[in-house]
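Fold and contact review
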Amino acid sequence: MRERKYRSITIPSHLNSEKIALEFKNNITKSAYLSKNTPYNDDAKLVKNTLKKLYDYKCAYCESFIKNAYGEIEHYRPKKSFNLSRCDSTKAYYWLAFSWDNLLPCCKKCNIEKSNCFDVFDRRVNYNKETLEVLHKSLQGYNRIENPKLLHPEIDAFEDDIVFDHKGFMRSDNEKVIYTRRICDLNRKNLREAREKIFTKYLKLLKKNLAFMIELQEVSDDFKLLLKNFKLYIVDELKDDKAMNQEYSLVSHYIYNNFEHFLEEIDESYLSKEDKAISSKLWLIYN
Ligand SMILES: [Zn+2]
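Residues numbered from 1 in each chain as written. Predicted model: local features only at pLDDT ≥ 70, side-chain atom pairs only at ≥ 80, totals over all residues. Heavy atoms only, no water.

1. So, the pattern of salt bridges
Put simply, the test is: A pair is scored as a salt bridge if a Lys or Arg side-chain nitrogen falls within 4 Å of a carboxyl oxygen belonging to Asp or Glu. Helix numbering and strand numbering both begin at the N terminus, where a helix is a DSSP run of H or I of at least 4 residues and a strand a DSSP run of E of at least 2. Burial status follows relative accessibility: with a 1.4 Å probe on protein chains alone, a residue under 20% of its type maximum counts as buried, one over 50% as exposed, and anything between as partly exposed.
Applying the stated criterion across every chain, the model contains twelve salt bridges. Among the salt bridges present, the one from Glu 193 reaches Lys 189, with a minimum N-O distance of 3.1 Å. Taken together, the positions of Glu 193 and Lys 189, both in helix H7 (residues 189-220) and four residues apart, correspond to about one turn of that helix. Judged by relative accessible area, which is 37%, Glu 193 ranks as partly exposed. Between Asp 241 and Lys 201 there is a salt bridge, and its shortest N-O distance comes to 2.7 Å. Remark: Lys 201 occurs in helix H7 and Asp 241 occurs in helix H8 (residues 223-241); sequence separation between them is 40 residues.

2. What about the coordination of the zinc ion?
Heads up, the rule is: For Na, K and Ca the donor cut-off is 3.2 Å, while for other metals it is 2.8 Å, and in both cases only N, O and S atoms qualify; water is not among them, so sites may look incomplete. By the criteria applied here, four donors are tetrahedral when all angles lie between 85 and 135 degrees, four are square planar and six octahedral when opposite donors are over 155 degrees apart and every other angle lies between 65 and 115, and any other arrangement is irregular.
Around the zinc ion, the protein supplies Cys 59 (SG), Cys 62 (SG), Cys 107 (SG) and Cys 110 (SG) as donor atoms, at distances of 2.3 Å. Taken together, the four donor atoms coordinating the zinc ion span angles of 103 to 115° at the metal, a pattern that classifies the geometry as tetrahedral. Counting along the primary sequence, the residues that act as donors to the zinc ion give the motif C-x2-C-x44-C-x2-C. A residue pair is termed long-range when its members are at least 10 positions apart, and Cys 62 in the loop between helix H2 (44-54) and strand E1 (72-75) and Cys 107 in the loop between strand E2 (103-106) and helix H3 (108-114) qualify at 45 residues. Under the relative-accessibility criterion, Cys 62 is labelled buried at 6%.

3. Overview of the pairing of E2
Let me state the cut-off plainly: Pairs of strands are assigned from DSSP output, requiring at least two bridges between the strands.
Neither face of E2 is exposed, since Leu 103 and Pro 105 on one face and Leu 104 and Cys 106 on the opposite face are all buried. By the bridge criterion, four bridges tie E1 to E2 in an arrangement that is antiparallel. Directly across from Ile 73, in E2, lies its bridge partner Pro 105.

4. Thoughts on the domain arrangement of the protein chain
What counts, and what does not: Source of the domain bounds: an automatic or database domain assignment. In what follows, residue pairs with any heavy atoms lying within 4.5 Å of each other are defined as contacts. Joining two parts hides part of their accessible area as seen by a 1.4 Å probe, and the buried area is that hidden amount summed over both. Polar contacts here mean pairs of N or O atoms no more than 3.5 Å apart (in protein, one a potential hydrogen donor and the other a potential acceptor; neighbouring residues in sequence count only if both atoms are side-chain atoms). Each residue gets one label: Ala, Val, Leu, Ile, Met, Phe, Trp, Tyr, Cys and Pro are nonpolar, Asp, Glu, Lys and Arg are charged, and the others, such as Gly, are polar.
What the domain assignment lists for the protein chain is domain 1 (13-156) and domain 2 (189-286). Centre-to-centre, using C-alpha coordinates, domain 1 lies 39 Å away from domain 2. Counting from both sides, the interface comprises six residues of domain 1 and, opposite them, eight residues of domain 2. Carbon and sulfur atoms make up 47% of the surface buried where domain 1 meets domain 2, a total of about 630 Å² over both sides. Contact with domain 2 buries area across many residues of domain 1, yet Asp 56, Glu 63 and Phe 65 alone supply 61% of it, more than any other trio. At the boundary of domain 1 and domain 2, one finds zero salt bridges. For the pair domain 1 and domain 2, the number of links is eight residue pairs in polar contact (both at pLDDT 80 or more). Residues of the side of domain 1 that touches domain 2, tallied by class, amount to two nonpolar, one polar and three charged.

5. Considering the packing of aromatic side chains
Stated formally: Stacked, tilted and edge-to-face are the three classes applied to pairs of Phe, Tyr and Trp rings, where Trp contributes its six-membered ring and a pair requires centres within 6.5 Å; stacked means planes under 30 degrees apart, edge-to-face means over 60, and tilted covers the rest. For a Lys NZ or an Arg CZ to count as sitting over a ring, it must be within 6 Å of the ring centre and within 35 degrees of the ring normal.
Under the counting rule described, the total for this entry stands at twelve aromatic pairs. Relative to Trp 95, the ring of Tyr 93 lies with its centre 5.5 Å away and its plane at 55°, an arrangement referred to as tilted. Each member of the pair, Tyr 93 together with Trp 95, is buried. Summarising the aromatic geometry, the rings of Tyr 256 and Trp 283 are spaced 5.3 Å apart at their centres and angled 80° between planes, so their arrangement reads as edge-to-face. Separated by 27 residues along the polypeptide, Tyr 256 in helix H9 (residues 249-257) and Trp 283 in helix H11 (residues 273-286) bring together distant segments of the chain. Taking relative accessible area as the criterion, Trp 283 reaches 5% and is therefore assigned buried. Chaining the aromatic ring pairs together yields one cluster made of Tyr 76, Tyr 93, Tyr 94, Trp 95, Phe 118 and Tyr 127. The ring of Trp 100 carries the charged tip of Arg 7 above its face, separated from the ring centre by 4.8 Å.

In C-alpha cells:
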C-alpha cells in the first residue's frame, strides 16, 4: 500500500478484445457477473504482468513482493457480492469486472482477506449505461461520487497517517487506513515480522555505526567525518529503502519522516541516551 500517481499506462489490449466486449455485454444484460471461468485465464499473464509492473511488482495493499509469486488480479470494486460478517454491506459492481482502473495487483493473502468487501461512507454508484471504453477510466470519477472506505493507492493520500511501532504494528486515526487494515488484515504476523526486521536493521546500523563513528572521531577529532559517515550509513540507506520500488517502503518512509520518534522508542539498554542525542543532532543537520 503506497500512494502513487493515478495510472497513465496504456490499457492492455486484451481488455479491449472482442471476447471481453462480449463478456461485458452479457454481464450488463443480466445485471450480474456471469463468467464461470474468468476470461482473464487465456491472457491473464498480460494483464497481470502489466499491473505488477505498474506497482513495482508489489501487492497494492500490503507492499509484499509478488514478482515471483503467481499473484492475483484484484477487483477494487467487487465484481460479485456475497454477505461477509466483516463488511457492513456488499454490492456487486458487475459492470466493472473488466475495467482497467478497477484492477489492482494483489498477493493471494490480501485477495482472500479483502474478498468482496467494499463499504462506503455514503451513497453508492450504479451502472449508468457507460461503455466499456469509458469504464476503463472510471475510478477517479466514481471515487468523487462514492466515498469508499477502502484505500486506493492511486487516489488516496495516506502515507503520513500511518504510524508503525518497533514490533511492526501499524496504527492510524485515519478511518480509511483503519478499514483497509482490518479488511486486508494488514497487521498479520508475517507482515508485522517483515516490518519489524526493517526497524531492527536500522537499530543495528545505528548502534554499529555510532560506535565506529565515535571511535573515528576520537582518533581524528573531525566532526565532518562523523557527519559524512552518518549520511552514508543511515540517511542514504533510509532514502534507498523508502523508494517506491522497495518492499514495505512505507516503514522506511515512516522512520525517515519520524526519525526523532524512532530514536525515542529505542530502549536505552540498547542505545544510550548519549548515543541517541548524537544521532538526533546528526539527523537534524540533514533535515
Ligand atoms: Zn498483500
